[in-house]
Amino acid sequence: MSQGSEAYHRAEREMAIPPVSERGRRNENPKGIGFWALVAEDFRTHDRQIFEQGFWALFVHRFGNWRMGQPKIIRAPATLIYRILFKLIEWMTGISLWYTVKIGRRVRFWHHSGMIIGARAIGDDVHLRQNTTIGVGQTWRNDELPIIASGVDIGAGACIAGAVYVGANAKIGANALVLTDVPAGATVMGNPAQIYAMARPAAAPAAEPAPSAPPMPAAAPEARAPEPSAAPQEAMLAETRDLGTIALLGSANLDYLAMTFTEQAQAYGLAIAPHVPPFGQARTELLQEGSDLLGAGGDGPMATLIAERAEDLLQDVFAAPLSLAEADRDAYLDGALQPLLDLIRSARARLSGPVFVLGLAAFGRSTLGLADAASPRGQTALLARANALLAQEVAQHPDTYLLDAADMIAEVGRKEADPGTFWHLGRVPFGTAFGACLARRVLGGLLSLRGQSARILILDLDNTLWGGVLGEDGMEGLEIGGAYPGSAYRAFQQALKALTQRGIALAVASKNDEDLALRMISEHPEMALRLDDIVAHRIGWTEKAIGIQEMLDEIGLGSANAMFIDDNPVEREKVRKNIPGIIVPAFPDKPEDLAGWLLANPFLECLELTESDLKRTRQYSVRAKITAAKREFQNIEDFYRDLDMHLTFERYGATNQKRVLQLFAKTNQFNATLRRHDAAALARIEAEGGEVHAIGVSDSHSPYELMGVIVLRPGTTMAAAYSQDAAVTSHARDGEWWVDSLLLSCRILGRTVEQAIVAWAAGQVAAKGATALVGQVIEAPRNTPVRDVFSKSGLARIDSPIEQGKGGLYRQDLAAGVPEVPGYFTVHEEAGGDRPTAPDQVAKPTSEPAQTAVAPPPPVNGAVLSPELETRLAAVFRRTFGLDPQADLSVASMDTVERWDSLGHLKLAMEIEQALNVKIAGQRLGEISTFKDLKAAVAGQGG
């Protein structure tokens with residue numbers, strides 16, 4: 001009998017593990033499922049990836065066990081086949097998995113190489129990663145092997161040795177050395193492994209550590225009840241929102257941060273799949289074609305977080321800042337930050353989606369004490385300069401954002417942010433509280449960028465905006481302002497009022513007497529919110545869900561961008577079930593927690609502010625007023641004419657680029673095709689002869705604001721650009737122009753603006769000689785408002801036996817006539833990205849659409865570079881795209897160079913700027929498609 005604890009021997013019995021002397025004598029595949037059904041399940045577990053090495057290692061293991069249940073006449077040749085396959089898999093995948101290991105169902109092998117799996121048994125739903133060793137602790141004790149219970153998650157490089165039992169749902173940190181039993185639900189790290197955290201039982205909301213758990217290291221954060229800003233327990237969303245994949249890159253151990261991301265996402269009704277490259281291999285995987293990192297996102301949305309510690313980058317100087325002379329600081333930082341800057345550039349060039357970069361901060365106290373803050377040579381000054389250099393780098397890259405680590409440390413406290421012992425045990429860079437805060441901020445940033453954040457807060461009144469019940473306590477008896485708890489409710493109102501200033505609207509849904517409630521809001525001296533702060537209200541005795549839906553329809557906003565706040569859990573659940581997609585968070589128990597709870601919610605995160613954001617609340621209010629005013633007019637055209645609407649089409653350029661890219665990232669409802677073009681893609685479209693126009697709108701109620709984008713492209717370039725879209729390739733014709741993208745803010749709908757835009761587009765392409773205008777709608781769950789935009793604009797649906805996808809194609813034959821923009825619009829066209837200063841400074845339109853006066857771009861000529869600069873340019877070009885030194889660049893073009901796509905184009909421009917100190921203008925960059933063009937462009941910049 002092997003050595004082992006009582007838990008180890010109990011697991012032998014419960015998991016029906018055969019004695020060591022009988023290992024390998026019978027089929028130990030899981031009972032109750034056939035061989036091929038088991039293989040199919042393993043295939044699904046490995047994401048149906050036929051070339052996933054772990055799947056094939058597991059297949060050979062299952063085959064090795066299956067043969068042991070067959071008659072000898074079959075088992076003998078099957079054994080020969082098994083031994084050949086075992087060696088072949090071992091050589092090809094680097095995974096040694098003997099059939100004598102009893103393995104449960106849905107076991108997942110992540111990555112490959114360096115995996116030696118010699119356990120007694122492994123339970124169901126276990127995850128193992130590269131460089132994992134599970135086997136004997138001493139060579140002369142070959143019978144003492146680990147037992148891994150169900151649900152265990154084993155990090156990269158972990159070693160589990162000897163007669164060790166790892167309990168259910170335990171987490172083994174990367175590079176941990178496990179030599180003793182691990183309790184169920186524990187997280188262990190280090191060498192030797194020590195317990196870092198214990199999972200709390202589901203029934204206990206606030207926990208003491210489990211009595212049987214061994215003591216934690218001194219630096220481990222104590223288990224405690226959640227802080228007010230911590231993730232709520234009540235479901236926030238009726239259905240989970242998938243945010244795709246996030247790559248976590250850095251030189252420390254980020255496996256635990258990945259777990260935190262998953263947990264925080266689940267707590268807020270979200271799903272995200274973290275991808276952490278093998279320890280120390282982030283830069284290698286970014287450069288290696290076909291690596292797991294480059295393919296991590298698949299066809300879904302992708303994001304990246306780059307997280308490094310100042311201690312790692314700045315090394316001894318960080319701990320002893322006086323060792324660095326002030327005059328040498330910048331030169332030192334240039335060298336010390338170079339690995340991080342290179343990682344940012346590579347990630348931006350090679351990975352899709354937004355890139356978040358964590359700023360540098362001090363997790364411990366400076367050795368200079370209180371003098372540090374005022375000293376020009378202190379840690380504070382060193383970090384400020386380092387972060388300034390990081391900010392300069394980040395500003396050069398599109399869709400890249402710098403996160404303030406110091407602000408997060410201030411939120412959770414330095415003691416909670418510092419990993420302490422666990423930095424030394426397992427290279428864990430952050431404490432648990434800081435990791436959770438970072439995860440919430442990044443999740444919120446993704447929601448904000450993708451237009452999924454809350455844009456309106458719908459508020460209850462009693463025991464929500466104030467303490468008490470208005471109908472029972474009267475205005476004088478309510479708790480608002482003054483002493484506690486009234487002061488806490490007023491602080492909550494102040495936080496709500498501040499949110500309106502950055503574009504988040506407020507509405508009220510309350511079961512109350514309307515006249516009394518409105519008088520309370522208008523007249524009570526301690527109310528921070530007034531009626532002017534509220535864009536709509538439904539106060540009465542009907543169901544709140546009905547009133548909420550009416551208000552959303554009134555202001556033109558989808559439920560996915562609405563958050564309902566109510567102290568009553570019954571009302572919350574009714575609204576959650578009756579309004580699909582609405583955000584309904586649990587309500588704090590204590591009024592003093594309200595303001596902090598509100599601002600910590602990821603659905604209220606703000607990554608960057610634009611002028612449009614600041615105007616949004618007013619636009620919602622205006623839309624509600626316009627809806628009411630509409631009822632007063634008997635003739636709808638009189639109503640539209642009274643609005644004095646001005647429609648301006650700005651050519652895409654530097655002054656409107658940020659807003660255009662924001663609209664592409666955020667617009668979900670009125671978005672005809674949901675194509676998410678970035679800056680490089682738009683430059684390519686214009687270089688191919690397409691047009692990109694920002695759409696500005698103003699009227700008698702609202703000042704000028706960019707509210708939409710339209711992208712027009714010739715049919716032939718559409719077919720080339722979307723070769724995988726059968727609807728496009730089968731119907732694109734020479735001479736026709738297509739609406740590649742049409743998107744509008746829903747705040748402007750209901751005034752026929754969308755029809756006016758399509759009519760203008762028809763006139764625009766007709767003037768270029770187009771024979772037809774074709775519009776495409778690609779349906780998605782949230783873009784219902786846009787589905788009839790082309791049919792309402794007079795385009796006929798294309799009838800064709802060829803599949804058009806969900807949504808369909810629409811065509812306007814321009815030979816039969818060009819539709820006119822309705823006469824109640826005043827149309828302007830701007831040559832560049834400059835908006836008009838005032839509508840009355842621009843002439844009224846004629847009956848024909850005005851033509852844009854745009855000077856043609858200067859030709860890219862064959863300007864000559866100096867021999868030295870041409871040699872350096874060629875070297876940069878070859879290095880950027882991995883070309884052979886002898887490659888003939890005279891024929892190099894975007895068609896012949898495999899990696900020269902839109903991202904490669906951007907990377908090339910950045911590399912030229914860095915290596916040659918030559919910055920190519922954005923418009924000129926879009927004209928380059930060959931190396932010859934590139935030489936001329938560099939020469940034109942003074943080269």
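Basis of the calculations
- Per chain, residue numbering runs from 1 following the sequence as it is written.
- In view of the model being predicted, local features appear only for residues whose pLDDT reaches at least 70, and side-chain atom pairs are presented and counted only at 80 or more, with totals across whole chains, interfaces and linings using the full set of residues.
- Remark: hydrogens and water are excluded; side-chain values derive from all non-hydrogen atoms of the structure.
- Helix numbering and strand numbering both begin at the N terminus, where a helix is a DSSP run of H or I of at least 4 residues and a strand a DSSP run of E of at least 2.
- Two residues form a contact once any of their heavy atoms are found within 4.5 Å.
- Residue burial considers only the protein chains on display, and all accessible areas are found by Shrake-Rupley using a 1.4 Å probe.
- Surface patches are defined over residues having more than 30% relative accessible area and no salt bridge, joining like charges when they lie within 9 Å and nonpolar side chains (Val, Leu, Ile, Met, Phe, Trp, Tyr) when within 5 Å.
- Whenever Lys or Arg places a side-chain nitrogen within 4 Å of a carboxyl oxygen from Asp or Glu, that contact is recorded as a salt bridge.
- The term nonpolar core refers to a set of buried residues drawn from Ala, Val, Leu, Ile, Met, Phe, Trp, Tyr and Cys, joined through side-chain atoms within 4.5 Å.
- Type-normalised accessible area, obtained with a 1.4 Å probe on protein chains alone, sets the label of each residue: buried when under 20%, exposed when over 50%, and partly exposed for intermediate values.
- Pairing between strands is defined by DSSP: at least two bridges between the two strands are required.
- Identification of polar contacts relies on pairs of N or O atoms within 3.5 Å, with a donor-acceptor requirement for protein atoms, meaning one able to donate a hydrogen and the other able to accept it, and with residues adjacent in sequence counted only if both atoms are side-chain atoms.
- Axis definition: a line fitted to C-alpha atoms, over the contacting stretch in the case of helices. Angles run 0 to 180 degrees between N-to-C directions.
- When an angle is under 35 degrees it counts as roughly parallel; over 145 it counts as roughly antiparallel; between 65 and 115 it counts as roughly perpendicular; any other value is oblique.
- In a left-handed crossing the near helix is turned counterclockwise from the far helix by less than a right angle, and in a right-handed crossing that turn is clockwise.
- Stacked, edge-to-face and tilted labels apply to pairs of Phe, Tyr and Trp rings (six-membered ring for Trp) whose centres lie within 6.5 Å, assigned for plane angles under 30 degrees, over 60, and everything in between, in that order.
- The rule for a charge over a ring is simple: NZ of Lys or CZ of Arg within 6 Å of the ring centre, and within 35 degrees of the ring normal.
- Helix span is expected to be 1.5 Å times the residue number reduced by one.

Chemist: Just to check I follow, could you spell out the overall build of the protein for this structure?
Modeler: In terms of helices and strands, the protein carries 33 helices and 32 strands. Within the protein, contacts between residues at least 6 apart in sequence are counted, and of these 65% link residues at least 24 apart. Accessible surface, the protein as shown: approximately 40,600 Å² in total, 52% of it carbon and sulfur.

Chemist: Explain a nonpolar patch on the surface to me, please; I cannot follow it from the model alone.
Modeler: A cluster of nonpolar side chains, contributed by Ile50, Phe51 and Trp56, occupies part of the molecular surface with about 350 Å² of accessible area. Take Trp56: it is sitting in helix 3 (residues 53–67).

Chemist: How do you make sense of the nonpolar core when you look at a structure like this?
Modeler: Across soluble globular proteins, nonpolar side chains show a tendency to be buried alongside one another. In terms of nonpolar packing, the biggest core is built from 74 residues, with Leu305, Phe434, Leu438, Leu457, Trp466 and Leu598 touching the most fellow members. Among the elements that line this core, the one with the most residues is helix 15 (residues 432–449), at 9 residues. If near-sequence neighbours (up to four positions away) are discounted, Leu438 is found in contact with Leu257, Phe261, Leu305, Leu358, Leu403, Met408 and Phe430.

Chemist: How should the pairing of strand 14 (residues 186–189) be read in this particular structure?
Modeler: When a strand is regular, its side chains alternate between the sheet's two faces. With burial as the criterion, each face of strand 14 is covered, one bearing Ala186 and Val188 and the other bearing Thr187 and Met189. The sheet contact formed by strand 12 (residues 171–172) and strand 14 spans 2 bridges and is parallel. Each residue of the ladder has a partner; that of Lys171, found in strand 14, is Thr187.

Chemist: Looking at this structure, I do not really get the pattern of salt bridges. What am I missing?
Modeler: Between side chains of opposite charge, a pair can form as their charged atoms come close. If you walk through the whole model with that rule in mind, you get 45 salt bridges. Between Arg129 and Asp153 there is a salt bridge, and its shortest N-O distance comes to 2.3 Å. Pair noted here: Arg129 is in the loop between strand 6 (127–128) and strand 7 (133–135) and Asp153 is in strand 9 (residues 153–154), with a separation of 24 residues, a long-range link. Between Asp407 and Arg441 there is a salt bridge, and its shortest N-O distance comes to 3.0 Å. In this pair, Asp407 sits in helix 12 (residues 405–412) while Arg441 sits in helix 15, placing the two residues 34 residues apart along the sequence. Given a relative accessible area of 36%, Asp407 falls into the partly exposed group.

Chemist: Before we go on, may I ask you to explain the sheet that holds strand 4 (residues 115–117) in this structure?
Modeler: In any sheet, the strands associate via hydrogen bonds between backbone groups, in a parallel or an antiparallel arrangement. Strand order in the open sheet made by the 5 strands is 1-4-7-10-13, with parallel pairing throughout. A strand with exactly one partner marks an edge of an open sheet, and here the two such strands are strand 1 (95–97) and strand 13 (177–178). Note: strand 1 against strand 4, 3 bridges, orientation parallel. In the strand pairing of strand 4, Ser96 is matched with Ile116.

Chemist: Where do I start with the environment of Glu554 in this structure?
Modeler: Positionally, Glu554 belongs in helix 19 (residues 544–555). Distance from Glu554 to Ala536, taken between C-alpha atoms, is 8.6 Å for residues 18 residues apart in sequence. A distance of 3.2 Å separates a polar atom in the side chain of Glu554 from a polar atom in the side chain of Arg538.

Chemist: What should I look at first to understand the packing of helix 12 against helix 15 in this one?
Modeler: Helix-helix packing is characterised by the crossing angle of the two axes and by the distance between the axes. For the pair helix 12 and helix 15, interaxial distance at closest approach is 9 Å and the crossing angle is 125°. Classified by the angle between their axes, helix 12 and helix 15 sit oblique to one another. Read as a crossing pair, helix 12 and helix 15 show a hand that is right-handed. Mapping the contact onto sequence places Ala405, Asp407, Met408, Ile409, Glu411 and Val412 in helix 12 and Ala433, Phe434, Cys437, Leu438, Arg440 and Arg441 in helix 15.

Chemist: It is not clear to me how the packing of aromatic side chains should be interpreted in this structure. Could you clarify?
Modeler: Working definition: an aromatic ring pair is given by the centre-to-centre distance plus the angle between the planes. Tallied over the entire structure, the rule returns 21 aromatic pairs. Plain terms: the ring middles of Tyr82 and Tyr99 are 5.5 Å apart, the flat faces sit at 80° to each other, and that makes the pair edge-to-face. Residue Tyr82 is found in helix 4 (residues 72–93), and its partner Tyr99 is found in the loop between strand 1 and strand 2 (102–103); the two are separated by 17 residues along the sequence. By way of ring pairs, the aromatic residues Phe35, Trp36, Phe43, Phe55, Trp56, Phe59, Phe63 and Trp66 are connected into one cluster. The cationic tip of Arg108 hangs over the ring face of Trp110; the distance from NZ or CZ to the ring centre is 3.7 Å. Of note, Arg309 hangs over the ring of Phe363, and the distance from its end group to the ring centre comes to 5.8 Å.

Chemist: What is the right way to read helix 15 from this model?
Modeler: Owing to its 3.6 residues per turn, the α-helix aligns residues three or four sequence positions apart on the same side. With 18 residues, helix 15 ought to run about 26 Å at 1.5 Å a step, and its terminal C-alpha atoms sit 26 Å apart, in line with that. Across the 18 residues that make up helix 15, a large majority, 15, are buried. Of the residues flanking the end of helix 15, it is Gly451, one or two places downstream, whose phi is positive at about 70°.

Chemist: Mind showing me how you'd approach the sheet that holds strand 11 (residues 165–166) here?
Modeler: The strand order across the open sheet formed by 4 strands is 2-5-8-11, and the pairing between neighbours is parallel. Two strands lie at the open edges of the sheet, namely strand 2 and strand 11, each paired on one side alone. Where strand 8 (residues 147–148) and strand 11 come together, 2 bridges link them in parallel fashion. For Ile147, the partnering residue across the bridge sits in strand 11 and is Tyr165.

Chemist: Before we go on, may I ask you to explain unusual backbone geometry in this structure?
Modeler: Glycine aside, residues mostly have negative phi, and peptide bonds are mostly found in the trans state. With an omega dihedral of 5°, the bond running from Tyr484 to Pro485 counts as a cis peptide bond. Structurally, the position occupied by Pro485 is in the loop between helix 16 (470–477) and helix 17 (486–500). At Asp47, a position not held by glycine, the phi torsion is positive, near 60°. For Arg48, which is not glycine, the phi torsion reads 55° and is therefore positive. Its place among the elements puts Arg48 in the loop between helix 2 (35–45) and helix 3.

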